[in-house]
Amino acid sequence: MLALAACADGSNNDDDLRLGTSVTIDPLAFLGGDVQCAKGGMGSYVATLTDESAEGGPSTLASSPPISCAWSVSFTSVVEGHEYTARIDGYKELAETLTPEGGETSGSPVMLHAGGGPADPSWTWECPGPDAPGGAGSIVAEKDVEIVVRTCAPPEP
């Protein structure tokens, strides 16, 4: 099953845009310190959720397309009560210069440059991080609730 991510810039407070049961990655969860969303810093990221409580063992959902580091990304194909972890791959390149291997709707976490060559992430984060509320090692999806990830482990180079 292909799960597509819906992007939002996080600035809209319109109650009509409620996402329901979802997990949202807030860039503030991983940006900071030596990694900033700025020219010469990080330009985009790709988020991938893993359902840690899926029947038969962990199951990786389709990755988000590359998105600006200024925007949040939401996954709406999550299951109530299931536990999720997230992997964030950060790129210096802008989102519009990257394409997922297999095309925009492939859900692939592998990114390609405009010329077709592989694009390697400059940073990688695992979420939630050690500072998660209650030391939670996962994100639990709740019925009709948008869970916003707000903490990730420090980046791996």
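### Things to note about the overall build of the chain
Counting its regular elements, the chain contains zero helices and 13 strands. Listing the helices and strands of the chain from first to last along the sequence gives β-β-β-β-β-β-β-β-β-β-β-β-β. When the 157 residues of the chain are sorted by exposure, 43% land in the buried category. For the chain, the exposed surface amounts to about 8,300 Å²; the carbon and sulfur share of it is 50%.

### Some points on the environment of Ala 29
Positionally, Ala 29 belongs in the loop between strand 2 (22-25) and strand 3 (44-51). Residue Ala 29 is classed as buried on the basis of its relative accessible area of 10%. Those residues in contact with Ala 29, other than ones at most four positions away along the chain, are Val 149, Arg 150, Thr 151 and Cys 152.

### Focus on the pattern of salt bridges
In total, this model carries three salt bridges according to the counting rule given. Put simply, Arg 150 and Asp 26 hold a salt bridge, and the shortest N to O gap is 3.3 Å. Of this pair, Arg 150 sits in the segment after strand 13 (146-149) while Asp 26 sits in the loop between strand 2 and strand 3, placing them 124 residues apart in sequence. Relative accessible area serves as the criterion here: at 57%, Arg 150 is assigned to the exposed category. Where Glu 126 meets Arg 87, a salt bridge forms, and the shortest distance between an N and an O atom there is 3.8 Å.

### Structural notes on the state of the cysteines
This model, assessed by the stated rule, comprises two disulfides. Here Cys 37 is linked by a disulfide to Cys 69, with a sulfur-sulfur distance of 1.9 Å. The disulfide joining Cys 37 to Cys 69 has a torsion of about 75 degrees about its S-S bond and is therefore right-handed. Of the two residues, Cys 37 sits in the loop between strand 2 and strand 3 while Cys 69 sits in the loop between strand 5 (67-68) and strand 6 (72-75), which places them 32 residues apart along the sequence. On the basis of relative accessible area, Cys 69 is assigned to the buried category, the value being 3%.

### A few points about the environment of Gly 32
Positionally, Gly 32 belongs in the loop between strand 2 and strand 3. What makes Gly 32 partly exposed here is its relative accessible area of 31%. With 122 residues separating them in the primary sequence, Gly 32 and Pro 154 have C-alpha atoms 9.5 Å apart.

### Some thoughts on the sheet that holds strand 8 (residues 98-100)
Here we have three strands laid out as an open sheet, ordered 8-9-10, and antiparallel in their pairing. Single-partner strands in this sheet number two, and they are strand 8 and strand 10 (118-119). Across three bridges, the pairing between strand 8 and strand 9 (residues 111-113) is antiparallel. Counted as the bridge partner of Pro 100 is Met 111 from strand 9.

### Here's the deal with the confidence of the model for the chain
Counting all residues, the mean pLDDT for the chain is 86, and 83% of those residues have values of 70 or more. Contacts of residues 1-12 to residues separated by more than four positions or lying in other chains number 26 contacts, the stretch itself having pLDDT below 50.

### Some points on the nonpolar core
Ile 25, Phe 30, Met 42, Tyr 45 and Leu 49 are the most contacted members of the largest nonpolar core, which totals 27 residues. For this core, the secondary structure elements donating two or more residues are strand 2, strand 3, strand 6, strand 7 (83-91), strand 11 (123-127) and strand 13. Here Ile 25 is in contact with Phe 30, Tyr 45, Ala 47, Leu 49, Ser 72, Val 73, Phe 75, Ala 86, Ile 88 and Val 149, once residues within four sequence places are set aside.

Conventions and cut-offs
- Per-chain numbering applies: the sequence of each chain, read as written, is numbered from 1 onward.
- The model is predicted, so local features are restricted to residues of pLDDT at least 70 and side-chain atom pairs to those at 80 or more, both for listing and for counting; the totals for chains, interfaces and linings are taken over all residues.
- To obtain the side-chain values, all non-hydrogen atoms of the structure were used and water was disregarded.
- In this description a helix means any DSSP run of H or I spanning at least four residues, a strand means any run of E spanning at least two, and both kinds are numbered starting from the N terminus.
- Three exposure classes are used, based on accessible area relative to the maximum for each residue type with a 1.4 Å probe and protein chains only: buried under 20%, partly exposed in between, and exposed over 50%.
- Surface exposure here means Shrake-Rupley accessible area, sampled with a 1.4 Å probe, where a residue is shielded only by the protein chains that are shown.
- Working rule for contacts: check all heavy atoms of both residues, and any pair within 4.5 Å makes them a contact.
- Whenever Lys or Arg places a side-chain nitrogen within 4 Å of a carboxyl oxygen from Asp or Glu, that contact is recorded as a salt bridge.
- In what follows, a disulfide is any cysteine sulfur pair within 2.5 Å.
- Here the rule is simple: two strands pair whenever DSSP picks up at least two bridges between them.
- Confidence scores per residue from the predictor, reported as pLDDT, run from 0 to 100.
- Only buried residues count toward a nonpolar core. Its members are Ala, Val, Leu, Ile, Met, Phe, Trp, Tyr and Cys residues joined through side-chain atoms within 4.5 Å.

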